[in-house]
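Below are the chains, spelled out letter by letter.
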Amino acid sequence: MGLEILVCIKQVPHPDHFSEIRLDVGSGHIIREGVPAIINPLDRNALEEGLRVKERFSGKVTVISMGPPQAQKALEEALAMGADRGILLCDVAFAGADTLATANTLFYAVRKLGKFDLIYCGNETVDSGTAQVGPQLAELLDIPQVSGVQEVAFVDEKTLEVRRALEHGYMKVRLKLPALLCVTRGINRPRLPTVQSIMEVAQKEMIIWKAKDIGAPPESIGLKGSPTCAAGVYEHKVGRRREIMQGSTEEQVQRTVARLKELGAI
Ligand SMILES: Cc1cc2nc3c(=O)[nH]c(=O)nc-3n(C[C@H](O)[C@H](O)[C@H](O)COP(=O)(O)OP(=O)(O)OC[C@H]3O[C@@H](n4cnc5c(N)ncnc54)[C@H](O)[C@@H]3O)c2cc1C
């Protein structure tokens, strides 16, 4: 049937390097420079799901990201995994975006693309982790959406039945295409790029759009389009104390337990 599938991808700092991220207390911004970046893990699951649907029904998978120039690397990795086309939304006008301004930017890009059947997002990111962008984008596009998606089945060409995670179980939701799904980790195991697929990246389309290319009104994007702003950021001060216990092993254990009780730790 040839589906148009869009996958929203955010480049995030590598969790192994979170301790290297600094906060600019003055501006309230996160300083990500110099910290290795990866595709947000759940966005790899979202892409894997999109690729599987394409393999089953044929079609095209477009990966789209709003981010700085280096986010192109994340899109290239997505192309190496099998996506057909990458779109980087990159402009200083997008900077300082909160989740609504991010969703607005994605909305104008999706509108410019025209036809689509399915949009996949990760359920949340590992850095900001609000889980708001997917539902906001669906709302702006006026299409049905489901978050916490664990499994997707096609009832027919235009109808999906998805399994949605609940705290003590799950529910099944039926919805019509076009739709947006925010996926969870257990939904699949993302594939790794192969040498062949890495070599094919150079032949694939990579588009870079600025705000004017997608017709995004300046007041709806970036800092201007953000109804929230960081009022302040604060770093936890982690204090550490060291005490060395003397004596035999048994005495050291007894003294440690007594000391921990004294400190109210146990
Ligand atoms: C007040 C405020 C100010 C901010 N200022 C800045 C800033 O100056 N610079 C900055 O880098 N960040 C800034 N942020 C963070 C930025 O708003 C979020 O990173 C961004 O909106 C995505 O939110 P999230 O990470 O919570 O995504 P979630 O809602 O948790 O993400 C869910 C899914 O949406 C999709 N998605 C999310 N973000 C993108 C994206 N950018 N491109 C494509 N798909 C995406 C992915 O599929 C992702 O898995 C700010 C946040 C706030 C609240």
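Look above for the structure.
Note that this is a predicted model, so its numbers are computed, not measured.

Draft legend 1. Seen up close, the overall build of the protein chain. For the protein chain, the count of helices and strands is seven helices and 13 strands. In terms of overall dimensions, the protein chain has a C-alpha envelope of 75 × 40 × 40 Å along the principal axes. Across the protein chain, every contact between residues at least 6 apart in sequence was considered, and the portion connecting residues at least 24 apart equals 71%. As displayed, the protein chain offers around 15100 Å² of accessible surface, 53% of which is attributable to carbon and sulfur atoms.

Draft legend 2. Local environment of the pattern of salt bridges. Under the definition given, this model contains 13 salt bridges. Lys 212 serves as the salt-bridge partner of Asp 213, at 3.9 Å between the closest nitrogen and oxygen. With relative accessibility at 27%, the residue Asp 213 sits in the partly exposed group. Through salt bridges with shared partners, one network takes in Glu 48, Arg 52, Glu 55 and Arg 191.

Draft legend 3. Examining the packing of helix α3 (residues 99–113) against helix α4 (residues 133–141) more closely. Following both chains from N to C, one finds α3 and α4 inclined at 50 degrees, their axes separated by 9 Å at the closest point. Judged by the inter-axis angle, α3 sits oblique to α4. The hand of the α3/α4 crossing is right-handed. From α3, Thr 99, Leu 100, Thr 102, Ala 103, Asn 104, Leu 106, Phe 107 and Val 110 reach across to α4, where they touch Val 133, Gln 136, Leu 137, Leu 140 and Leu 141. The class makeup of the residues in the contact of α3 with α4 is nine nonpolar, four polar and no charged.

Draft legend 4. Layout of the environment of Val 110. Along the chain, the position of Val 110 falls in helix α3. In sequence terms Val 110 and Ala 95 are 15 residues apart; their C-alpha atoms lie 19 Å from each other.

Draft legend 5. Region of the structure containing the pairing of strand β8 (residues 118–122). Counting buried positions over the five residues of β8 gives five, a clear majority of the element. Of the two faces of β8, the one lined by Leu 118, Tyr 120 and Gly 122 and the one lined by Ile 119 and Cys 121 are each fully buried. Alignment of strand β1 (residues 3–8) against β8, held across three bridges, turns out to be parallel. Across the sheet, the residue bridging to Ile 5 is Leu 118, located in β8. Summarising the sheet, β8 and strand β12 (residues 179–183) pair through five bridges and their orientation is parallel. Bridge assignment links Ile 119 to a residue of β12, and that residue is Leu 180.

Draft legend 6. Fine view of the packing of helix α1 (residues 41–57) against helix α2 (residues 71–81). Running from N to C, α1 and α2 point in directions that differ by 35 degrees, and their axes come no closer than 11 Å. Relative to α2, α1 is oriented so that their crossing is right-handed. Across from Arg 44, Leu 47 and Leu 51 in α1, the residues of α2 making contact are Glu 77, Ala 78 and Met 81. Taken together, the residues that form the contact of α1 with α2 break down as four nonpolar, no polar and two charged.

Draft legend 7. Quick peek at the site of the ligand. In the vicinity of the ligand there are 30 residues, among which Lys 10, Asp 43, Ala 97, Thr 125 and Thr 130 approach most closely. Between the ligand and Lys 10 there is a distance of 2.4 Å, counted from an oxygen atom to a side-chain nitrogen or oxygen. Here an oxygen atom of the ligand and a backbone polar atom of Gln 132 are 2.8 Å apart. Across the complex, the protein chains shield 84% of the 940 Å² of accessible surface that the ligand would expose by itself. Taken together, the residues that form the shell around the ligand break down as 11 nonpolar, 13 polar and six charged.

The rules behind each value
- Residues numbered from 1 in each chain as written.
- Predicted model: local features only at pLDDT ≥ 70, side-chain atom pairs only at ≥ 80, totals over all residues.
- Heavy atoms only, no water.
- Helix = DSSP H or I, 4+ residues; strand = E, 2+ residues; numbered from the N terminus.
- Contact = heavy atoms within 4.5 Å.
- Areas by Shrake-Rupley, 256 points an atom, 1.4 Å probe, with all protein chains shown as cover.
- Salt bridge = Lys/Arg side-chain N within 4 Å of Asp/Glu carboxyl O.
- Buried < 20%, exposed > 50% of the residue type's maximum accessible area, 1.4 Å probe, protein only.
- Axes fitted to C-alpha atoms, helices over the stretch in contact; angles between N-to-C directions.
- Parallel < 35°, antiparallel > 145°, perpendicular 65-115°, else oblique.
- Left-handed = near helix turned anticlockwise from the far one by under 90°.
- Nonpolar A, V, L, I, M, F, W, Y, C, P; charged D, E, K, R; others polar.
- Pairing = 2+ DSSP bridges.
- Near = heavy atom within 4 Å.
- Polar contact = N/O pair within 3.5 Å; in protein donor to acceptor, adjacent residues only side chain to side chain.

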